[in-house]
Amino acid sequence: MSATFKSMAPICEGEPCIRNGSGAAATVHFRQESRRRKSDFARKCIAVILLHAIFLLAILAALIIGHWISEENQKLSNRTMLNITLAEAYLLEGIYTTSTATPESLSHHHTHLLTTSSAALGQSKKKTPPRVVERLIPLEKKRNFTISDVFPPPADGGFGIAEQLHAVRANKLSTDALLVPLPLYILPYHYDLQLDFSQFDTHLFIRANISIHLESYGNSTEDEIQFHLGPNIKMERMRLRKDGKKFYAKTFKREESKKLGRISLRDPLQKGKYILEMTYNMTICDEDVDGVRCSLDNQTNSSLKATSFTTKFEPTLARAFFPCWDEPGVKATFNISVRHNKKYTVLSNMPPVESHDHKSWEDQFKTTVFQTTPPMSTYLLAFAIGEFVKLESRTERGIPVTVWTYPEDVMSMKFTLEYAPVIFDRLEDALEIPYPLPKVDLIAARNFHVGGMENWGLVVFEFASIAYTPPITDHVNETVDRMYNEFRIGKLIAHEAAHQWFGNLVTMRDWSELFLNEGFATFYVYEMMSTERPVTAQFEYYDSLASLILAQSEEDHRLSLVRELATESQVESSFHPTNLYTKGCVLIRMLRDLVSDFDFKAAVRRYLRKNAYRSVSRDDLFASLPAYADHGAEQEKLSHVLEGWFVNEGIPEITLIRNYDNEMMTISQRKTVHHEYRSFLKDRKASASVRYRGSRSAEDGSTLFDDALFDGYIEKKKDRRRKHRPIRRKTSTPPSISPISRRDELRKPRRVGASQDLWTIPITYMFGSLKTSEGQVIREFWLKNRTVSFGDAEISPNQAVLVNPEWKYPYRVNYDLLNWKLLARTLHQNHLEINEKSRMQLILDAEYFLSNSVNPHLYLYLLGYLAHETKMEVMLFGIDAVYKFIDVYKATQLNKAILVYFEPVISQMDHLLNESQVDAETASLWLVRPERLAKLYQMRCAAGLSSCKNDYYTQRWSRSPDEWTEDVHKQVTAVCHQLFTNTPDEVKTVQDLLDSRLQSSGAKWALTVQLAACSHDQKLLRRTARAIVSTKNAVVYASALQSDFSLHYNPTFRKYLWAEIAKMSTFEKTALFSTNSTDILPASRILLHSVKTIDELQQIRGLLTNWGPLLSLHFEYLERYLLWVSSVSQGVLHQFFAADLSNF
């Protein structure tokens, strides 16, 4: 009965059961009715199913069609973006990063505008699109752009140390993440990390166990542990223990937008120690996660995917290698062990203590265990594995310094091996703090994307950055090359060595104060290098200072040294060669000058000793420095002085306005903005009413200067204190720092500070002459307000006043027009009255304030003094200035007059070049910026100097066009000049040779194109223009327009080239000029701003019908600029050349 009930129950539940009625008739009727109802029900079900099927098929068809349309649109979008991005990339490689593109750097492709290899395209297709994290990473506010937001392409960059160091990576992280400070109620104090590298070479795969020892600082209601965790890490298991007992967790979640892991606990955390144990695995050498760099030796078994790798975890990539508290202020000790194949050498921060060999089935593997590290930040942890060989030397204190490289590269590491111990000894002597680790390893790594990384005890260099094989002979040119290459490598070694103290021993607490690492390290580079190469080190510092001032004067590059960094990408971009390395170094040097060298050295030693193995902010630096700075008769609180320089954007500009009737002077300050001195951007009515801010009265908020300040003027005192002798410490055991102290360090508020446009500025000005009995007089005072007015009765109206003598402090100086004239006259009459460093600054500031003003003739007159300049360092600045002036006006009727005026100047440059060949160190100054030598070659040919040797080099090239026995730039420039200054019939042999070589490829073709563009033969120019445009290569276009080998302006060639570009499709032209982009790419700016005349600009304007709002502003800017050039060339400059300069 129960079985029958069970079988029937579902039926009764599914169908109506009629239980009343009796007999057979009732039963038959029920069955017939039941069959009919079942049949109707089945038909209805079939109809519903069919309707649903039709509906689903319609949805599926719509999805397929929509997906196909989306794919087509995405392909079009990708093609557009690839065209824009790759055109920019190639232009950046060939033009934007250097002033000139050598023939060897150009390639002849007849394919797409993309100009990249198929492999590169394949890689770009594999990349996943970046994650858009809305509401977490705020978008920038939209701006209404005006002509004031248009900036021409920056001038050519330098070859300073920062460009070889932690420059921004070319391949950015595919995802960005907010930098969210982790909670401070629980922090790590030790990591045990066990790594298995046995499969890194075959599968790019690593397994690991990690035990993180944590300190919970008190009973609380918190029931969550947060830590950083990269997306490439795959968790296998985890366990939390307290006092040896398991502490239960509820859930584990990954917050990938912030790259965090979160463990939710069943119970709140209690005061005490915890151990978080995890097992995980990861893939390495992923192009989207750049913390591990693999290298494959091509001569090894092709089944291997890598034969070595090195790590670089700075700034936020340690989380991609192991779960951790990945913040620079969180320090902990590390115990490391690595299982690996015996054929490989494994290195880490500390030396190994023992190896455990496995004799059985895994005889090929062993485990290397390393000593415990001192407390350090996670970004300094490092690993390297490969078949390295070692070269070892020692410091004076016996610390082993080992260079690890590949067997075939041993000879190129000789200088590095010899010089590294010397630098460590010098730093120990200067800082009086011994290097704290038991060893120093230097690795010459392959496929490393920056010049060097300062991992504590395991410094990784890119191989080419420190590799150098000196020449065998002692030829003067080879000696110069050797000296500069040794200087270049020495700078890099010194920088990373200085980081062992500044950054490793004492670490900035937050990325916003990164200058505490990089500023000090760059400062000590020049201190260390000045021992052997004082001339080169000093000049490179001032050359970098000039680059800094130039960059910080443009609104789009005016970054403050200390600023809020909210995302990983912002931290990455903060590693800027100028705005971080150079600016940090310059302000550290300014700090030293304000407190004296003796007090500065004592303060640095105090700063390092007091904060060893700790994390710091700039307040900790202030606490170690003298409280006050003396400048003149006043003292100012040093922290107050420095704060503005650290947090303000840009640099200050000082303006001196003299009243020549009543001996009064007004000095004012403001943030420098280059557009203020580009007169073509101002309306005529507005510019007529503009007056200097320095002319404000006291009613406007300025402070009248107290003349009594000059009573009892204090001369600079020589430091008579006893020289502090270095004392070597015998031990460097890390002090015991309690977890509570570390937690309290991190609890200190993170202070960034708001940027303003007011600085506390040490003002120094000088007047007088060395020839008089009074000599030169120097005044000093602090400028704390916008404006200050005062009188100085000792200054006669015909005396020039020079502000910031010896270019001691990093600010620009502008003067009233008459004082500029007096300074220029002083340079012409006796330039030695002005210090050589001040002459450099005068050239730089005169170009900034005068060259685009209504008085460019005054700037031209000032540059004329260079005909008497005898210092190579100053003349190198002059080469940049004179070249730029000639280039601006080379398309005007005044070109010949300007070249005649500068002929004595260029002859003096030529003379100093010849003199510099006698002294190798002076000659090496040309290599600080090699493009200056190319500029001189162009100027001396344009000026028609005999040193051009255009006839000689043209005949040689005609006989052997593929043999270059001397400097290529020198010879090609001479041949180009010969083509430009002669008629087609006079150089027919050369032109026929060029015409036949247009079918060549590679460097030969690129060189042919450069030379052909100098010709006047229209048939050759047309063929050349077609050949250039057919490459679809933006770098070739820009190189041809900017002419790497000539200062001549060839309007016929440029007309033909733009005409060929006009024949390109609208799609190609849109990609070339990035008209659909939300930002104007460097490639587009360089091409557009290469225009020299209004006619040429109009020809370009006709290339497209719609240029977009941003490029339209660039057209307006260029139109104003070119009209201004035409106006002044016919106006004040024309009058200048017609006037008697003796009465200027």
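Along each chain, residue indices are assigned from 1 in the same order as the chain's sequence is written. With pLDDT at 70 or above as the cut-off, local features in this predicted model cover only qualifying residues; side-chain atom pairs require 80 or more to be listed or tallied, and sums for whole chains, interfaces and linings still use all residues. Water and hydrogen atoms play no part in the side-chain values, which are based on all heavy atoms of the structure.

In the annotation of an unreviewed UniProt entry, the entry for the chain reads Aminopeptidase, and the organism field reads Caenorhabditis elegans. Per UniProt, the comment on the chain under Sequence similarities (unreviewed entry) is "Belongs to the peptidase M1 family." UniProt positions are given in the numbering used here, feature names are shortened, and annotations may be inferred rather than shown by experiment.

### Observations concerning the overall build of the chain
A count of helical and extended segments in the chain gives 35 helices and 33 strands. Classification of the 1144 residues of the chain by burial places 55% in the buried group. The contact rule is simple, with two residues in contact once any of their heavy atoms fall within 4.5 Å. Long-range pairs, those at least 24 residues apart, make up 76% of the contacts in the chain with a sequence separation of at least 6. Total accessible area on the chain is roughly 51000 Å²; 53% of this is exposed by carbon and sulfur atoms. Starting at the N terminus, helices and strands are each numbered in turn, a helix being any DSSP run of H or I of at least four residues and a strand any DSSP run of E of at least two. Each residue's exposure class comes from its accessible area (1.4 Å probe, protein chains only) as a fraction of the maximum for that residue type: buried when under 20%, exposed when over 50%, partly exposed otherwise. Here the open area of atoms and residues is found with the Shrake-Rupley method and a 1.4 Å probe, where only the protein chains shown may cover a residue.

### Considering the nonpolar core
The biggest cluster of nonpolar side chains holds 314 residues, and the ones touching the most others in it are Phe-197, Phe-322, Tyr-524 and Phe-902. Not counting the four nearest positions on each side in its chain, Phe-197 is found in contact with Ile-206, Phe-309, Phe-321, Val-338, Arg-339, His-340, Val-346, Phe-383 and Ile-385. Here the nonpolar core consists of buried residues drawn from Ala, Val, Leu, Ile, Met, Phe, Trp, Tyr and Cys, with membership extended through side-chain atoms lying within 4.5 Å.

### Observations concerning empty space enclosed by the protein
Detection works on a 1 Å grid of protein atoms alone, calling trapped sets that fit a 1.4 Å probe cavities and calling open sets with protein on both sides within 12 Å along at least five of seven lines pockets, with lining residues defined by an atom within 4 Å of a point. Grid points are joined across faces, edges and corners, and a volume is the space filled by probe spheres set on the points. Throughout the structure, instances matching the rule amount to 15 cavities of 30 Å³ or more. Of the pockets and cavities examined, the largest cavity occupies roughly 130 Å³. Counting residues per element, the ones that place at least two in the lining of the largest cavity are helix H25 (968-980), helix H29 (1034-1042) and helix H30 (1051-1062). By the convention adopted, Pro, Cys, Tyr, Trp, Phe, Met, Ile, Leu, Val and Ala count as nonpolar, Lys, Arg, Asp and Glu as charged, and the other residues, Gly among them, as polar. Residue composition of the lining of the largest cavity, by class: eight nonpolar, four polar and two charged.

### Notes on the confidence of the model for the chain
How sure the predictor is of each residue is captured by pLDDT, a score from 0 to 100. Averaged over all residues, the pLDDT of the chain equals 82, while 78% of them reach at least 70. Residue range residues 1-31 is modelled with pLDDT below 50. Its contacts to residues more than four positions away, or to other chains, number seven contacts. Every residue in residues 157-174 is under pLDDT 50, and counting partners more than four places away or in other chains gives 72 contacts.

### A closer look at the pairing of strand S11 (residues 331-341)
Burial analysis of S11 places 10 of its 11 residues in the buried class, the great majority of the element. Criterion used throughout: strands pair if DSSP finds at least two bridges between them. Of the strand pairs in this sheet, strand S1 (residues 186-196) and S11 are connected by seven bridges, and their pairing is parallel. Opposite Asp-192, over in S11, you have Asn-335 as the bridge partner. Note: S11 against strand S15 (residues 376-377), two bridges, orientation antiparallel. By the bridge assignment, Lys-331 is partnered in S15 with Ser-377. Examined bridge by bridge, S11 and strand S14 (residues 365-370) share five bridges and lie antiparallel to one another. When the bridges of S14 are listed, Asn-341 appears paired with Phe-365.

### Section: the state of the cysteines
Defined by distance alone, a disulfide is two cysteine sulfur atoms within 2.5 Å. Counted under the stated rule, the structure contains three disulfides. A sulfur-sulfur distance of 1.7 Å marks the disulfide that ties Cys-285 to Cys-294. On the sign convention where negative means left-handed, the S-S torsion of about 70° between Cys-285 and Cys-294 marks this disulfide as right-handed. Overall, Cys-285 belongs to the partly exposed group, its relative accessible area being 24%. Classification of Cys-294 as buried rests on a relative accessible area of 11%. Across the disulfide from Cys-976 sits Cys-1014; the S-S distance is 1.7 Å. Of note, the bridge from Cys-976 to Cys-1014 carries an S-S torsion of about -80° and is left-handed in sense. Placement of Cys-976 in helix H25 and of Cys-1014 in the loop between helix H27 (1002-1012) and helix H28 (1018-1030) is noted, with a sequence separation of 38 residues between them. A single burial state applies to Cys-976 and to Cys-1014, both of which are buried. Taken N- to C-terminal, the disulfide-bonded cysteines of the chain are connected 1-2, 3-4, 5-6.

### Details of helix H14 (residues 638-647)
Where burial is concerned, most of H14 is hidden: eight out of the 10 residues are buried. Every buried residue belonging to H14 is among Leu-638, Val-641, Leu-642, Glu-643, Gly-644, Trp-645, Phe-646 and Val-647, and all of these are buried.

### Some remarks on the sheet that holds strand S12 (residues 345-348)
Ordered by their spatial adjacency, four strands build an open sheet running S9-S10-S16-S12, and the pairing between neighbours is antiparallel. Each edge of the sheet is formed by a strand with only one pairing partner; in this case those strands are strand S9 (292-295) and S12. The sheet shows a mean angle of 15° between the axes of neighbouring strands, direction not considered. All axes here are fitted lines through C-alpha atoms, helices being fitted over the stretch that makes contact, and every angle between N-to-C directions spans 0 to 180 degrees.

### A closer look at the pattern of salt bridges
Side chains that differ in charge, positive against negative, can pair when their charged atoms come close. The salt bridge definition used is simple: a Lys or Arg side-chain nitrogen within 4 Å of an Asp or Glu carboxyl oxygen. Under the counting rule described, the total for this entry stands at 56 salt bridges. Arg-446 serves as the salt-bridge partner of Glu-408, at 2.6 Å between the closest nitrogen and oxygen. Note that Glu-408 is positioned in the loop between strand S18 (400-405) and helix H5 (414-431) and Arg-446 in the loop between strand S19 (440-445) and strand S20 (452-453), a separation of 38 residues in sequence. A salt bridge links Arg-929 to Asp-543, with the nearest nitrogen and oxygen atoms 2.6 Å apart. Highlighted residues: Arg-929 in the loop between helix H22 (920-924) and helix H23 (931-942) and Asp-543 in helix H9 (residues 534-552), separated in sequence by 386 residues. Take Arg-929 and Asp-543: they sit in the same class, and that class is buried. Here the salt bridges share partners, and the residues they tie into one network are Asp-543, Asp-880, Arg-929, Arg-932 and Lys-935.

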